[in-house]
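Observations on the three-dimensional arrangement
Spelled out, the chains give:
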Amino acid sequence: MPRRCDRNRKRSKRRAIFCPIHGCYLDSASPKYPLYTDQPGKLQQKGVSRRDALILIASQTAIPLTGEWLEAFWCKHCQDIKWYHVQKYERVYKVTLAPPELWQQAMGTVPLDGNPSVSEYTRKQSKMLTFRS
Ligand SMILES: [Zn+2]
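Bear in mind the structure is a predicted one, so any value in this text is a computation, not a measurement.

Moving on, we come to the coordination of the zinc ion. Ideal coordination angles are 109.5 degrees for a metal with four donors arranged tetrahedrally and 90 or 180 degrees for a metal with six donors arranged octahedrally. With distances of 1.9 to 2.4 Å, the protein atoms coordinating the zinc ion are Cys19 (SG), His22 (ND1), Cys75 (SG) and Cys78 (SG). Each of the four donor atoms bound to the zinc ion contributes to angles spanning 102 to 121 degrees, and the resulting shape is tetrahedral. By relative accessible area, which is 2% here, Cys19 ends up buried. Using a relative accessible area of 38% as the deciding quantity, one classes His22 as partly exposed.

This is the structure we're talking about:
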């Protein structure tokens, strides 16, 4: 039944992500840009043991953070598209405005100001491996 599939897809598309200022639904305006870390403490917060965290960072340099990403959203009350740092816990989304330093953690993104370092990006990307906790 294609019609039912379409409806399901539409419903699941709207995630419970709300404007931190207005509390209204935000409409996604970009793909998700995953965040990476090179700090074992960050991985330990995600439930990875210290030993595993140290091994992962030693072997891969930059580890993707599960359940965290950067994404642009349109808010009809803000009348603006802004970049948010999204953290997903279970089925709850927490959104905060993305500070510029997060851009350096995100792969494939261009910082809002300053010069993107292309060579840095390629170097990290070449070392990128998928990590699942
Ligand atoms: Zn708003």
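Looking now at the confidence of the model for the chain. On average, residues of the chain score 77 in pLDDT, and 70% of them are at 70 or above. When the elements of the chain are averaged for pLDDT, helix 5 (residues 118-127) gives the smallest value, 47, and strand 1 (residues 27-28) the largest, 95. Predicted confidence is poor over residues 5-9, with pLDDT under 50, and the contacts of this stretch with residues over four places away or in other chains come to zero contacts. Here residues 108-133 scores under 50 on pLDDT; set against residues more than four positions off or in separate chains, the count is 29 contacts.

Now for the packing of aromatic side chains. In total, this model carries four aromatic pairs according to the counting rule given. Look at Phe18 and Tyr25: their rings are 5.0 Å apart centre to centre, the planes differ by 45 degrees, and that puts the pair in the tilted class. A residue is classified by how much of its surface remains accessible, and Tyr25, at 37% relative accessible area, is partly exposed. The interplanar angle of 50 degrees and the centroid separation of 5.7 Å between the aromatic rings of Tyr33 and Trp83 together place this pair among those described as tilted. Pair noted here: Tyr33 is in strand 2 (residues 33-37) and Trp83 is in strand 4 (residues 80-89), with a separation of 50 residues, a long-range link. Relative accessible area serves as the criterion here: at 22%, Tyr33 is assigned to the partly exposed category. For the cation-ring pair, Lys32 lies above Trp69, with the distance from its terminal atom to the ring centre recorded as 4.1 Å.

As judged from the eight bridges shared by strand 3 (residues 63-75) and strand 4, these two strands associate in the antiparallel manner. Note on strand 4: the bridge partner recorded for Glu71 is Tyr84. In textbook terms, the turn of a hairpin is the stretch between consecutive antiparallel strands, and for strand 3 and strand 4 this stretch comprises four residues, one of which, Gln79, has a positive phi near 55 degrees. Alignment of strand 4 against strand 5 (residues 92-97), held across six bridges, turns out to be antiparallel. Bridge assignment links Val86 to a residue of strand 5, and that residue is Val95.

Calculation notes
- Residues numbered from 1 in each chain as written.
- Predicted model: local features only at pLDDT ≥ 70, side-chain atom pairs only at ≥ 80, totals over all residues.
- Heavy atoms only, no water.
- Donors = N, O, S within 2.8 Å, 3.2 Å for Na, K, Ca; no water.
- Tetrahedral: all angles 85-135°; square planar, octahedral: opposite > 155°, others 65-115°.
- Buried < 20%, exposed > 50% of the residue type's maximum accessible area, 1.4 Å probe, protein only.
- pLDDT = per-residue confidence, 0-100.
- Helix = DSSP H or I, 4+ residues; strand = E, 2+ residues; numbered from the N terminus.
- Contact = heavy atoms within 4.5 Å.
- Phe/Tyr/Trp six-rings, centres within 6.5 Å; stacked < 30°, edge-to-face > 60°.
- Lys NZ or Arg CZ within 6 Å of the ring centre and 35° of its normal.
- Pairing = 2+ DSSP bridges.

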